[in-house]
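Now for the letters of each chain:
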Amino acid sequence: MWKQVLLQDEPLAKKLVHKGFWVYFFVFLAAPIGYLLRMILSNELSVAEVGIFYSVLGLVTLLSTYNDLGITESLQYFIPKLWIEKKKGELKFSILFSFFVQLVMGMILFALLYFWAEWLAINHFHDLSALPVIKTLAFYFLGYSLIEIFVIIFVSFQDTFSSGLVDFLRQITVLIFTVIFWLSASLSIESYALAWLIGVGVAIIVGFSLLYKKYRHFFLQAPLVIDKKLIKKQISYAFLVFLTANVGTALGQIDQQVIVNILGTESAGYFSNFNALLTIFTLVATPLLWLLFPITTELITKKEHEKLWMLQHTMYTYFGILALVVAGFFVVFGQEIAVLLFWEAFRFSGYLLQYIAPFLLFNCWFIINFNILAGMGKIKERMYIILIALFFTLLFNAIFLIWLGKGLLYSAFILWFSWLMLFIGSVAALRKSQPFRLDWKVFGKNVLVIILLIIVMLFVKSFLSFEGNWWYKFGIIALFFLGYGVIILLMNVLKIRLLLKEIKSFSS
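Residues numbered from 1 in each chain as written. Predicted model: local features only at pLDDT ≥ 70, side-chain atom pairs only at ≥ 80, totals over all residues. Heavy atoms only, no water.

(A) Region of interest: the packing of aromatic side chains. In total, this model carries 45 aromatic pairs according to the counting rule given. Seen in terms of ring centroids, Tyr316 and Trp365 are 6.5 Å apart; in terms of plane orientation they differ by 90 degrees. Their pairing is edge-to-face. A residue pair is termed long-range when its members are at least 10 positions apart, and Tyr316 in helix H14 (residues 305-342) and Trp365 in helix H16 (residues 360-375) qualify at 49 residues. On the basis of relative accessibility, which here comes to 4%, the residue Trp365 falls in the buried class. Here Tyr351 and Tyr355 contribute two aromatic rings whose centre-to-centre distance is 5.1 Å and whose plane-to-plane angle is 70 degrees, an arrangement assigned as edge-to-face. Of this pair, Tyr351 and Tyr355 both sit in helix H15 (residues 347-356), four residues apart, which is roughly one turn of that helix. We note Arg38 situated over the ring of Tyr54; from NZ or CZ to the ring centre the distance is 3.7 Å. (Phe/Tyr/Trp six-rings, centres within 6.5 Å; stacked < 30°, edge-to-face > 60°. Helix = DSSP H or I, 4+ residues; strand = E, 2+ residues; numbered from the N terminus. Buried < 20%, exposed > 50% of the residue type's maximum accessible area, 1.4 Å probe, protein only. Lys NZ or Arg CZ within 6 Å of the ring centre and 35° of its normal.)

(B) View of the nonpolar core. Counting residues in each nonpolar core, the largest one holds 144 residues, and the members touching the most others are Phe53, Ile134, Leu137, Phe274, Phe333 and Trp419. Looking at this core element by element, the count peaks at 19 residues for H14. Residues in contact with Leu137, not counting those within four places in the same chain, are Phe53, Val56, Leu57, Val60, Leu113, Ala193 and Trp196. Within the second largest apolar cluster, seven residues are counted, among which are Phe93, Phe97, Val101 and Met105. (Core = buried A, V, L, I, M, F, W, Y, C linked by side-chain atoms within 4.5 Å. Contact = heavy atoms within 4.5 Å.)

(C) Here's a closer look at unusual backbone geometry. Non-glycine residue His126 carries a positive phi angle of around 55 degrees. Mapped onto the elements of the fold, His126 is located in the loop between helix H6 (117-123) and helix H7 (130-156). On the basis of relative accessible area, His126 is assigned to the partly exposed category, the value being 47%.

(D) Summary view of the side chain of Lys461. Along the chain, Lys461 turns up in helix H19 (residues 440-461). Within the local environment of Lys461, its side chain forms a polar contact with the backbone oxygen of Val332, the two atoms lying 2.6 Å apart. The residues touching Lys461, leaving out its near neighbours within four places in the chain, are Val332, Phe333, Glu336, Phe466 and Phe480. (Polar contact = N/O pair within 3.5 Å; in protein donor to acceptor, adjacent residues only side chain to side chain.)

(E) Fine view of helix H8 (residues 160-183). Here H8 spans 34 Å end to end across 24 residues, near enough to the 34 Å set by a 1.5 Å rise per residue. Remark: Ala185 follows H8 within two positions and exhibits a positive phi of approximately 60 degrees. (Expected span 1.5 Å × (residues − 1).)

(F) Representation of a positive patch on the surface in the model. A cluster of like positive charges, contributed by Lys228, Lys229, Lys232 and Lys233, occupies part of the molecular surface. Take Lys229: it is sitting in helix H10 (residues 228-244). Its relative accessible area of 65% is what places Lys229 among the exposed residues. (Patch = residues over 30% accessible without salt bridge, like charges linked within 9 Å, V, L, I, M, F, W, Y side chains within 5 Å. Areas by Shrake-Rupley, 256 points an atom, 1.4 Å probe, with all protein chains shown as cover. Salt bridge = Lys/Arg side-chain N within 4 Å of Asp/Glu carboxyl O. Lys, Arg positive; Asp, Glu negative; His and termini not counted. Charge placed at Lys NZ, Arg CZ, Asp CG, Glu CD.)

(G) Quick look at the side chain of Ser267. Relative to the assigned elements, Ser267 resides in helix H12 (residues 265-290). A relative accessible area of 17% means that Ser267 is categorised as buried. Filtering out sequence-adjacent residues up to four positions away, Ser267 remains in contact with Ile259 and Leu408.

(H) Just the environment of Phe100, in detail. Tracing the backbone shows Phe100 in helix H5 (residues 88-115). The class of Phe100 is exposed, set by a relative accessible area of 55%. Through-space distance from the C-alpha of Phe100 to that of Ile71 is 9.9 Å; in sequence the pair is 29 residues apart.

(I) Representation of the packing of helix H17 (residues 379-403) against helix H18 (residues 408-430) within the structure. For the pair H17 and H18, the least separation of the axes is 9 Å and the interaxial angle reads 160 degrees. The angle between the axes of H17 and H18 places the two elements in the roughly antiparallel class. Pair H17 / H18 crosses with right-handed handedness. The segment H17 lies against H18, with Glu381, Ile385, Ile386, Ala389, Phe392, Thr393, Phe396, Asn397, Phe400 and Leu401 engaging Tyr410, Ser411, Ile414, Phe417, Ser418, Met421, Leu422, Gly425, Ser426 and Ala429. Of the residues assigned to the contact of H17 with H18, the class counts are 13 nonpolar, six polar and one charged. (Axes fitted to C-alpha atoms, helices over the stretch in contact; angles between N-to-C directions. Parallel < 35°, antiparallel > 145°, perpendicular 65-115°, else oblique. Left-handed = near helix turned anticlockwise from the far one by under 90°. Nonpolar A, V, L, I, M, F, W, Y, C, P; charged D, E, K, R; others polar.)

This is how it looks when you write it as structure tokens:
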């Protein structure tokens, strides 16, 4: 039974359609949850309080990126590789070893976070109201460490249903308890933190149950083989992962921590909701892009390089167009979207979004490149790229925020510049094995049409009033987006048909 469940040998087209279906099924179920949570919180609490909570959560997220020394992420490389090579005993040890490291490091960092909570509240967040939030989210951090390894195992075996279900149930639980606190007039940053802790508890129960149900045969039947060479390889790979960590998380959360420390909790609130607006795009695009990691490893192990080239070329072209479509709408309606989702107090978050939106393209492309690099085992190259980007990010933060005393707009500029550096660096790292190839004719035509539609929407928008109730504002934005999207789809209908044929060709 377990042989049929784990990492089935399927055509690439079926993987993209079947696995991608579950990825996006849960994404579209969960996508409104994060924004409902922020809508409730942004309406009930002050900008500073929102800044405190999401800055603490950002610190916890940053710690979770590093808490296992990179061992957990290394599983995404070793699970498909060892499974295809039929080294199930070594694979079993690799997973158990990762569990052990994750648990030990999680306990250590939990203790530091919990017992240094007061020091962090005073010296980093500069607000004692952060103290109970830090202590509650310390337990959240410990629980999330367990969830992370469940999800990594699911993703590595391309079990997108299980990974999506665990995260969805975590988020829906947070929403349910947030609404309960809100209706009972007891919603605060402390009770909101408690809702996140309850959510992670539910996710642990579900994640462990799925792991036991689907994979117990593997863990019970496979022998335990301790391979010293494999341990050295995994530790070596993991160490480089530890240094680079998750690039998006690291860069995003470093900016958040710099802002809350230097510019204060109110600025942190604006920047936090600005990042939330950015995830409107990433929620749609990146789930399938992250699946590139294990698929790349599988294709390279099977020496199916032509399929990898075709997949990469398709991702560059069509996800690049998607990024520009979303970016164009953000340029026109960034402030209105921010007010719609987070109310008038957070209009400045939408103003920041308008400036950074055009550079979403580089964010999309570097994510594709980084996952291909990881799948190819080129973690050292990723490390050099991320270290350079982090160096300049910290340098520019020091120059513009500390030395020159500039504000949040410069933080947005620093963020898009880091995306550009990551894209250029990753293209250079892939130039020999997987060079950057784009359907320039299709891409260029879409760029011109998007620019023209932006001009038209700005012109029409200038004659409209956005004063009115929430549903009136939502209706105007939705109508613009519907018309905008239909025009882009109609223009690309023939190419979409060719794309579907191209995906089917992956099966041959």
